[in-house]
Amino acid sequence: MSPKFVPFELERWQSTWENRVRFNLSESGVHPLTIQELLGLASVSALPLLDVRLGYAQSNGSDALRERIAALYPGVSPDQILVTTGSSEANFVTCWRLIEPGDKVAVMMPNYMQTAGLTQNFGAQVRPFQLHEKEGWEPYVEEIRTAIAPGTKLVVVTNPHNPTGHVLSEASRKAILERAAEVGAWVLADEVYRGAELGGKTTESFWGSGYNKVVIVNGLSKAYGLPGLRIGWIVSQPAFSQEAWARHDYTTIDRPARPIISPPSRSTPRAGQADRAYAADYPRELSGDGSVAEIVRRHVQLASPARRRDLLGALPRRDRGAGSRRETARAAQRAALPGDHFGMPGFLRFGFGGELQHFQEALAETERGLRRLFSD
């Protein structure tokens with residue numbers, strides 16, 4: 001019997017609302033660049049774009065692009081890179097390659113629920129290990145070891161974490177890798193928020209840990225502010241990347257033969273960091289009486305302030321009886337995202353990666369909406 005299909009509710013929620021609302025506070029990335037802004041950062045002319053032929057692409061990514069991506073990871077060669085249509089496809093082909101019916105998959109929770117849903121749809125069992133708010137969103141080592149039981153095929157982590165923005169401590173990172181090595185499990189590290197840290201210090205990649213059964217997923221959608229380019233990638237051992245490519249051949253090949261701009265080198269500021277003028281203002285704008293946490297605190301009983309460490313969102317929590325999904329549906333014109341979609345009932349996610357003026361207007365409208373919502 002085939003497993004019951006698990007829908008990807010988060011994506012359906014966003015697809016339903018994000019293009020219908022006046023103010024969208026549900027996004028998890030920085031405000032997308034225009035083509036003009038992108039070319040300006042690269043200091044290149046738009047004229048060569050007019051000569052690009054709209055033909056089929058090299059399906060694993062052009063040699064030039066894979067060389068640039070490989071340069072972001074010490075010791076990695078282009079044959080270890082598979083370019084995908086966004087990081088979501090990278091997650092998909094990784095799960096397709098690894099997961100078989102009956103497998104056990106340990107998943108960090110809460111999480112972006114794509115891989116948890118794929119795991120179940122491929123017939124495997126999800127074994128969660130929790131990040132705990134009272135521990136600053138750190139997991140317990142004993143729960144890591146229990147979830148990554150003998151026979152576990154895959155361990156799924158996001159770092160920096162989605163949706164809390166927390167960066168795993170070195171102790172937790174080490175515990176995950178050591179336990180995976182003990183049982184022979186693969187580690188899928190979704191690092192798409194790497195480079196979006198408010199403090200400017202880039203999170204250490206799971207790549208280079210010394211454990212060879214690691215798959216890194218990343219892309220241009222979040223910290224780079226380029227979701228429309230649909231460029232994601234996998235970094236792994238050459239054999240794995242080749243096997244993932246074989247599956248990618250069945251999904252998409254219609255991607256630009258060469259992107260407008262390759263991922264920046266280590267010396268180039270990322271689109272999500274303080275080189276963006278509005279991004280540089282966020283720490284000040286979010287620290288005073290007009291912040292997401294302050295506005296929500298005035299109308300919702302919060303157990304804690306927002307705990308995001310990057311520039312992408314806040315996670316206020318409410319302790320009233322009803323679940324967050326119903327309340328967020330009532331306030332859908334403001335498009336805050338229900339925490340249920342991350343495995344965090346009782347939370348709302350507010351994104352603050354947009355343009356500063358739009359963000360301030362959205363906060364004012366959100367406050368008016370919350371006044372009406374909780375006065376009912």
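Residue positions are counted from 1 within each chain, in the order its sequence is given. Restriction of local features to residues with pLDDT of at least 70 applies here, the model being predicted, together with a cutoff of 80 or more for giving and counting side-chain atom pairs; totals for whole chains, interfaces and linings are based on all residues. Side-chain numbers come from the whole structure's heavy atoms, not from hydrogens or water.

Draft legend 1. How the structure looks around helix α5 (residues 114-121). Most of α5 sits inside the fold, with six of its eight residues counted as buried. Burial in α5 covers these residues: Q114, T115, A116, G117, L118 and T119. Two residues form a contact once any of their heavy atoms are found within 4.5 Å. Secondary structure elements are defined from DSSP: runs of H or I of at least 4 residues count as helices, runs of E of at least 2 residues count as strands, and each element is numbered from the N terminus. For α5, the elements touching its buried residues are α4 (86-98), β2 (104-109), β3 (125-130), β4 (152-158) and β5 (186-190). Count one or two residues on from α5 and you reach G123, which has phi positive near 90 degrees. Any residue under 20% of the maximum accessible area for its type is buried, any over 50% is exposed, and the rest in between are partly exposed; the area is computed with a 1.4 Å probe on protein chains only.

Draft legend 2. Spotlight on the pairing of β2. Burial within β2 is extensive, with five of its six residues counted as buried. Two strands are said to pair when DSSP picks up at least two bridges between them. Here β2 pairs with β3 via six bridges, running parallel. In the sheet register, V105 faces β3, and the bridge partner there is V126. For the handedness criterion, the strands are oriented away from the viewer, and a crossover whose path from the first strand over the helix to the second runs clockwise is classed as right-handed. In the classification by handedness, the crossover that spans β2, the intervening α5 and the parallel β3 is right-handed.

Draft legend 3. Expanded view of the nonpolar core. Residues grouped as a nonpolar core are buried Ala, Val, Leu, Ile, Met, Phe, Trp, Tyr and Cys residues, joined through side-chain atoms within 4.5 Å. Among the nonpolar cores identified, the biggest contains 46 residues, and Y73, F129, V155, V157, V187, F206 and W233 are the most heavily contacted of them. The next biggest cluster of nonpolar side chains, apart from the first, holds 21 residues, and it includes L118, L154, L188 and V215.

Draft legend 4. Layout of the environment of M109. Counting through the fold element by element, M109 comes out in strand β2. With 20 residues separating them along the chain, M109 and F129 place their C-alpha atoms 5.9 Å apart.

Draft legend 5. Spotlight on unusual backbone geometry. Here the residue pair M109 and P110 is connected by a cis peptide bond, since its omega of -5 degrees sits within 30 degrees of zero. Structurally, the position occupied by P110 is in the loop between β2 and α5. Here the phi dihedral of S43 falls at roughly 55 degrees; this positive angle occurs in a residue that is not glycine. The topology assignment puts S43 in the loop between α2 (35-42) and α3 (63-70). Backbone geometry at W137 places phi at a positive 65 degrees, although glycine is not the residue there. Note that W137 resides in the loop between β3 and α6 (141-147).

Draft legend 6. Structural detail: the confidence of the model for the protein. What pLDDT conveys is the predictor's confidence in a given residue, as a value from 0 to 100. Residues with a pLDDT of 70 or more make up 73% of the protein, whose mean pLDDT is 78. Low confidence marks residues 318-325, where pLDDT is under 50. Its contacts with residues over four positions away, or in another chain, come to 19 contacts.

Draft legend 7. Structural view of the sheet that holds β4. The seven strands lie next to each other as β1-β7-β6-β5-β4-β2-β3, forming an open sheet whose pairing is mixed. Of all the strands in the sheet, just β1 (81-85) and β3 have a single pairing partner and so form its edges. This sheet shows a mean twist of 20 degrees between the axes of neighbouring strands, independent of strand direction. Here β4 pairs with β5 via five bridges, running parallel. For V156, the partnering residue across the bridge sits in β5 and is L188. Lines fitted to the C-alpha atoms define the axes, with helices restricted to the stretch that makes contact. Angles between their N-to-C directions range from 0 to 180 degrees. The strands that α5 touches are β2, β3, β4 and β5; relative to β3, the one it contacts most, it runs at about 150 degrees. Packing of helix α8 (residues 238-248) onto the sheet brings it into contact with β1, β5, β6 (214-219) and β7 (231-235), and relative to β1 it is tilted by some 25 degrees.

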